[in-house]
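Breakdown of the fold
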Amino acid sequence: MEALSRAYGDEALTAFELDFLSDGERRRLPLGASWQVSFEAVEPVRPFGWDKGTPGFAGWYYSATMRDHVGYESWLERGRLILLDRDPQVKAISSQPFWLHWHDGQRQRRHAPDYFVRLTDGGARIVDVRAADELDEATEEAFDATGHACRAVGWEFEWAGRPEPVVMANVRWLSRYRRARCGRPVPVADRLLEVFREPMGLWEGAGLVGDRLQVVPVLFHLLWSGALKTDLVGALMETGSLIWTEGNSWAA
């Protein structure tokens, strides 16, 4: 691990290499010559495991942020993808964006992070998803190396384990209403924002706006977008869940 221990700052810019696909062309460059690539727009560097009997569960998730599909390789990755899709600080997401290559002092190593995230402030975050009880020594070393590379170029690095189950269940439900069409008609959305300036129960407030069959999907879309707020941590959402408009004096 001696080589890794030296992989900071300027030295890390050559100690690590990024291997990626852009416009169908395979490229491999030192970290210092490639970190400014728009990795949110690259193609995955390896195929997802679709074959029957393979470990994990691969698929495509339609991201409202990307207005396109983003790949995942497990239920845990899909859950993290949903949380990223709802995060207002996230501007773009790509999966399996590159191979990170390095030498650990004994042999050549490589690792493909799960997600590259472009943030609204222009920064970047690398996200690796793995449950704590599934980490082995090789994976921990790969995450450690990835963290070193990220720090050298000012990227964030996040190891994401299993999310809190109540939060994940609530956000997964709201994700059904993530598409822009669920926020229409606009007059219904505007009326919901007005009604919930005073916090009240979900079912009660929806009834004040109109036919709940039309109103409730719009309400869920506003909860997804963050324009309306509720407690997603304490309990599963229900008809009596307290809802309020973002930014009102009560919430402050």
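Looking at the confidence of the model for the protein chain
Here the protein chain averages 91 in pLDDT, and 91% of its residues register 70 or above. Counted against residues more than four places away or in other chains, residues 1-8, with its pLDDT under 50, gives 18 contacts.

A few points about the packing of aromatic side chains
Counted by the stated rule, this structure contains 12 aromatic pairs. Considering the side-chain rings of F16 and W102, the 6.5 Å spacing of their centres and the 50° angle between planes classify their relative orientation as tilted. Of this pair, F16 sits in the loop between α2 (9-15) and β1 (17-22) while W102 sits in strand β6 (residues 99-103), placing them 86 residues apart in sequence. For the pair Y177 and F220, a centre-to-centre distance of 5.0 Å together with 45° between the ring planes defines the contact as tilted. With a gap of 43 residues between them, Y177 in the loop between α6 (165-174) and α7 (186-195) and F220 in helix α9 (residues 212-225) connect regions that are remote in the sequence. When its relative accessible area of 17% is taken as the criterion, Y177 is described as buried. Look at F220 and you get buried, because its relative accessible area is 9%. Above the ring of W99, the side-chain terminus of R110 is found at 3.7 Å from the ring centroid.

Some details on empty space enclosed by the protein
Taken as a whole and judged by the stated rule, the model has 1 cavity of 30 Å³ or more. Roughly 40 Å³ of volume is contained in the largest cavity. What lines the largest cavity is simply L18, L31, F98, L100, I126, T146, A149, C150, V153 and W155. Across the lining of the largest cavity, the residue classes tally to 9 nonpolar, 1 polar and no charged.

Some thoughts on the sheet that holds strand β11 (residues 200-201)
Sheets are built from strands that pair by backbone hydrogen bonding, the pairs being arranged parallel or antiparallel. If you trace the 3 strands from one edge of the open sheet to the other, you get β11-β13-β12, paired in antiparallel fashion. A single partner strand is all that each edge strand has here, and the edge strands are β11 and β12 (228-229). Sheet topology note: the β12/strand β13 (residues 242-245) ladder contains 2 bridges and is antiparallel. Looking at β13, one finds that L228 is bridged to T245.

A closer look at the sheet that holds strand β7 (residues 108-111)
Strand order in the open sheet formed by 4 strands is β2-β1-β6-β7, with antiparallel pairing between adjacent strands. Each end of this open sheet is capped by a strand with a single partner; those strands are β2 (25-30) and β7. Put simply, the sheet's adjacent strands are angled 20° from each other on average, direction ignored. Across 6 bridges, the pairing between β1 and β2 is antiparallel. The residue bridging D19 from the neighbouring strand is R28, located in β2.

Examining unusual backbone geometry
Geometrically, the link from R184 to P185 is a cis peptide bond, its omega value of 5° lying close to zero. Residue position: P185 is located in the loop between α6 and α7. Within the chain, Q96 stands out as a residue other than glycine whose phi angle is a positive 45°. Residue position: Q96 is located in the loop between β5 (90-95) and β6. Residue class for Q96 comes out buried when judged on its relative accessible area of 1%.

Some words on the pairing of strand β4 (residues 68-72)
Where strand β3 (residues 59-63) and β4 come together, 5 bridges link them in antiparallel fashion. Bridge pairing in β4 places S63 opposite D68. Count of turn residues in the β3/β4 antiparallel hairpin: 4 residues, of which R67 carries a positive phi of about 55°.

Calculation rules
- Residues numbered from 1 in each chain as written.
- Predicted model: local features only at pLDDT ≥ 70, side-chain atom pairs only at ≥ 80, totals over all residues.
- Heavy atoms only, no water.
- pLDDT = per-residue confidence, 0-100.
- Contact = heavy atoms within 4.5 Å.
- Phe/Tyr/Trp six-rings, centres within 6.5 Å; stacked < 30°, edge-to-face > 60°.
- Helix = DSSP H or I, 4+ residues; strand = E, 2+ residues; numbered from the N terminus.
- Buried < 20%, exposed > 50% of the residue type's maximum accessible area, 1.4 Å probe, protein only.
- Lys NZ or Arg CZ within 6 Å of the ring centre and 35° of its normal.
- 1 Å grid on protein atoms, 1.4 Å probe; cavity = no way out; pocket = protein on both sides within 12 Å on 5 of 7 lines; lining within 4 Å.
- Points joined across faces, edges and corners; volume = space filled by probe spheres on them.
- Nonpolar A, V, L, I, M, F, W, Y, C, P; charged D, E, K, R; others polar.
- Pairing = 2+ DSSP bridges.
- Axes fitted to C-alpha atoms, helices over the stretch in contact; angles between N-to-C directions.

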